[in-house]
Amino acid sequence: MLTGKHLIAGQWVGGDATFGNEPVSGAPDSFAVGTVALVDQAAKAAEEAFWSYGYSTSATRAKFLREIAKEIDGRGDDLTTMGVKETGLHEARLNGERGRTTGQLNLFADHLEAGAYLDRRHDEALPDRAPLPRPDLRLMQRPIGPVAVFGASNFPLAFSTAGGDTASALAAGCPVVVKGHSAHPGVSDIVAQAIDAAIKTCGIHPGVFSQIQGGNRAVGQAVVQHPLIKAVGFTGSLGGGRALFDLCAQRPEPIPFFGELGSVNPMFILDGALSARGAEIAAGWAGSLTMGAGQFCTNPGVAVVTAGAEADSFVAAAREALKPIGAQTMLTDGIASAFHQGRDRIAASEGVQSVLTTTCDLRHATPYLFATTAMDWLANEELGEEVFGPLGMVVTVADDVERIAVAKSLQGQLTCTLHMDDADTETGRALMPILERKAGRILANGFPTGVEVCDTMVHGGPYPASTNFGATSVGTMAIRRFLRPVSYQNIPTDILPEDLACEQPRRQPE
Ligand code: NAP
């Protein structure tokens, strides 16, 4: 079932050095450690593949994406078994995540067939225009070249080997080199087998996809620095992401680094909603905060409420809802250790009260709840930094002035949430221009965990939520990250890219 190897342009490649995965229980599996030499081989093969794959039609790539989805589904049971073993995530979650993964591959196939992503434009020639004639001009989006993808620890399927970054890059026409995440090399191995099978069925150049397993930090650095790599998709920590972003910027030819890093996803629970259904919101928050051991980039870590008796009831209700939630296994020892350190940092911060203190150790997480005032929050910007796991902070504000100040103090976020009733319209209206500057997605009367994969999703935001505020890593717009516009002036139709040559003119001569 497992190869234990890297997949380099259709060849399964082992090596002398190996590393083990970290199963929740049972014996570890062994995987070859990645090397810088393999990165070079994979990038060169990707460049070679680009000369055919980058010029393939949308229909060819749509068929390929659907075939990958089919091959992944065919390995569904193996993927779930290995995922449970490596990540501690539950079977139902992994089955659901597989559906999301194949669903987004099929969604990109539909998106390619619809064709709008090409943004084809045509300004027809005006030979008689005075004082100068206008040439025939066409524009279309073209793929940028080989793309590197870092698998994410918290979504072994939907954000890893064949996840959203890979799906959108392959959809665009870009070959992909994946740096597998060392937290789930077994799942990555099986998914790579699925992609390999799809490449063979569709007769595509094998360099279109390679995967190098982890175990060696130099591999990640070599991937982003390789001159043939033209962009990077990444989901992970602020520290790791920033280090790799800086390497991209320092290259002789800088390239875009699409990193999704940290977010505390604040919720503003406005007075009318707090009064009408504070306990209900608190219970919903507890569920969202602890789902999947809180290991979601959209985990709502902060709740802002007006101080007073209703805020006290809200805090008490959140505490009661969180208290019975037991220890959950985290994705890796390292992530659990980072959670414990983050919890200790918050607990020791000035002006922060512990509302719910639990006990967890080793690879486990239990929920923690803290409270602070707007004044203390504003005095210590570290309180706004992500603690990855089930940790909530209630910030009490004295009035709308403090609420606005807290909103303005926020770093860039993936999401901001309003809980509001009709009576809160004025406050909601005042917050909207601020939240819009802070987040990629604003939602009302819901919880941000659960990201719809669709045309209108933005999963991104100002730094540090992401390193590129103009992009999303979820939804069909994610394809734009790996495209660039090219203008074709007076180019004969016979030598235009096929997708452009078949397009009818949109703009008639004036
Ligand atoms: P990570 O440590 O940033 O690692 C992500 C990937 O980048 C891994 O493949 C890692 O390689 C590589 N990497 C990291 N730093 C590197 C460097 N300096 N040079 C070269 N490669 C580097 O993230 P993680 O392992 O997923 O989780 C750790 C923390 O990330 C969590 O505690 C949490 O704070 C955060 N996180 C956030 C999100 C989010 O969506 N906001 C999601 C997941 C995790 P190795 O595999 O070799 O380490």
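Worth saying up front: this structure is predicted, and the values here are computed from it rather than measured.

**Student:** Account for the overall build of the protein, naming residues and giving values.
**Tutor:** On a plain count of helices and strands, the protein comes out with 15 helices and 21 strands. In summary, the protein has a C-alpha radius of gyration of 24 Å against a globular reference of 24 Å for 510 residues, a match within 12%. With the C-alpha coordinates of the protein rotated into their principal frame, the extents come out at 75 × 70 × 40 Å. Sequence separation of 24 or more characterises 77% of the internal contacts of the protein that already satisfy a separation of 6 or more. The centroid of the 40 positive side-chain charges in the protein is displaced by 5 Å from the centroid of its 56 negative side-chain charges.

**Student:** Describe the packing of aromatic side chains, with residues and values.
**Tutor:** Under the criterion given, the structure shown has 13 aromatic pairs. Between Phe245 and Phe257, the aromatic rings sit 6.2 Å apart at their centres with planes inclined by 75°, giving edge-to-face as the arrangement. With a gap of 12 residues between them, Phe245 in helix H8 (residues 238-250) and Phe257 in strand S11 (residues 257-260) connect regions that are remote in the sequence. Three or more aromatic residues link up through ring pairs in this structure, and these residues are Phe150, Phe234, Phe245 and Phe257. In this arrangement the basic side chain of Arg93 is found over the ring face of Phe155, its NZ or CZ atom lying 4.8 Å from the centre.

**Student:** I'd like to hear about the packing of helix H13 (residues 400-409) against helix H14 (residues 425-438), residue by residue, with values.
**Tutor:** With their axes 9 Å apart at the nearest point, H13 and H14 run at an angle of 15° to one another. Judged on the interaxial angle alone, H14 and H13 are roughly parallel. The crossing of H13 and H14 is right-handed. Along its contact with H13, which presents Asp400, Arg403, Ile404, Ala407, Lys408 and Ser409, the element H14 presents Thr427, Ala430, Leu431, Ile434, Leu435 and Lys438. Residues belonging to the contact of H13 with H14 are distributed by class as follows: six nonpolar, two polar and four charged.

**Student:** So what about the nonpolar core? Which residues, and what values?
**Tutor:** With 90 residues, the main nonpolar core has Phe64, Ile68, Val208, Phe209, Phe268 and Phe482 as its most contacted residues. Sort the elements by how many residues they give to this core and helix H6 (residues 185-202) lands first, with nine residues. Formed jointly, this core draws a minimum of three residues from each of two domains, domain 1 (6-17 + 30-261 + 466-501) and domain 2 (267-444). Every residue in contact with Phe268, bar those within four places of it in the chain, is listed here: Val304, Arg403, Ala407, Leu410, Thr417, Leu418, His419, Leu431 and Leu435. Counting 23 residues, the second largest nonpolar core, distinct from the first, contains Ala43, Ala46, Ile212 and Phe234.

**Student:** Account for the domain arrangement of the protein, with residues named and values stated.
**Tutor:** Size of an interface: often given as the accessible area lost when the parts come together. When its domains are assigned, the protein resolves into domain 1 (6-17 + 30-261 + 466-501) and domain 2 (267-444). Across the contact, 11 residues belong to domain 1 and 12 residues belong to domain 2. Together, the buried faces of domain 1 and domain 2 total about 890 Å²; carbon and sulfur atoms form 61% of this surface. Between domain 1 and domain 2 we count zero salt bridges in total. In this structure, the connection of domain 1 to domain 2 is made through two residue pairs in polar contact (both at pLDDT 80 or more). When its residues are assigned to classes, the side of domain 1 that touches domain 2 shows four nonpolar, four polar and three charged.

**Student:** How would you explain the site of the ligand if you had to name every residue and give the values?
**Tutor:** Not every one of the 22 residues close to the ligand is listed here, only the nearest: Ser153, Ser182, Ser237, Leu261 and Cys297. One of the side-chain nitrogen or oxygen atoms of Ser153 is found 2.6 Å away from an oxygen atom of the ligand. Note that an oxygen atom of the ligand is positioned 2.9 Å from one of the side-chain N or O atoms of His181. A total of 870 Å² of accessible area belongs to the ligand in isolation, and the protein chains cover 87% of it. Among the secondary structure elements, those contributing two or more residues to the shell around the ligand are helix H7 (217-225), strand S10 (231-235), H8 and helix H11 (333-347). Looking at the shell around the ligand residue by residue, the classes come out as nine nonpolar, nine polar and four charged. Residue assignment places the shell around the ligand across two domains, with domain 1 (6-17 + 30-261 + 466-501) and domain 2 (267-444) each supplying three or more.

**Student:** Mind laying out the pairing of strand S20 (residues 439-444), listing which residues take part and the relevant values?
**Tutor:** Moving residue by residue along a regular strand, the side chains alternate between the two faces of the sheet. Examined bridge by bridge, strand S19 (residues 413-419) and S20 share five bridges and lie parallel to one another. By the bridge assignment for S20, Thr415 is matched with Arg441. In this fold, the crossover linking S19 to S20 by way of H14 has right-handed handedness.

**Student:** So what's going on with the sheet that holds S20? Residues and values would help.
**Tutor:** Strand order across the open sheet formed by seven strands is S15-S17-S18-S13-S12-S19-S20, with mixed pairing between neighbours. Single-partner strands in this sheet number two, and they are strand S15 (353-356) and S20. Between one strand and the next, the sheet's axes are offset by a mean angle of 25°, whatever the strand orientation. For strand S12 (residues 267-269) and strand S13 (residues 302-306), the ladder comprises two bridges, and the chain directions are parallel. Of the residues in S13, the one forming a bridge with Met267 is Ala303.

Reading the values: rules and limits
Residues numbered from 1 in each chain as written. Predicted model: local features only at pLDDT ≥ 70, side-chain atom pairs only at ≥ 80, totals over all residues. Heavy atoms only, no water. Helix = DSSP H or I, 4+ residues; strand = E, 2+ residues; numbered from the N terminus. Rg over C-alpha atoms; globule rule 2.2 N^0.38 Å. Contact = heavy atoms within 4.5 Å. Lys, Arg positive; Asp, Glu negative; His and termini not counted. Charge placed at Lys NZ, Arg CZ, Asp CG, Glu CD. Phe/Tyr/Trp six-rings, centres within 6.5 Å; stacked < 30°, edge-to-face > 60°. Lys NZ or Arg CZ within 6 Å of the ring centre and 35° of its normal. Axes fitted to C-alpha atoms, helices over the stretch in contact; angles between N-to-C directions. Parallel < 35°, antiparallel > 145°, perpendicular 65-115°, else oblique. Left-handed = near helix turned anticlockwise from the far one by under 90°. Nonpolar A, V, L, I, M, F, W, Y, C, P; charged D, E, K, R; others polar. Core = buried A, V, L, I, M, F, W, Y, C linked by side-chain atoms within 4.5 Å. Buried < 20%, exposed > 50% of the residue type's maximum accessible area, 1.4 Å probe, protein only. Domains from an automatic or database assignment. Buried area = accessible area lost by both parts, 1.4 Å probe. Salt bridge = Lys/Arg side-chain N within 4 Å of Asp/Glu carboxyl O. Polar contact = N/O pair within 3.5 Å; in protein donor to acceptor, adjacent residues only side chain to side chain. Near = heavy atom within 4 Å. Areas by Shrake-Rupley, 256 points an atom, 1.4 Å probe, with all protein chains shown as cover. Pairing = 2+ DSSP bridges. Right-handed = clockwise from strand over helix to strand, strands pointing away.

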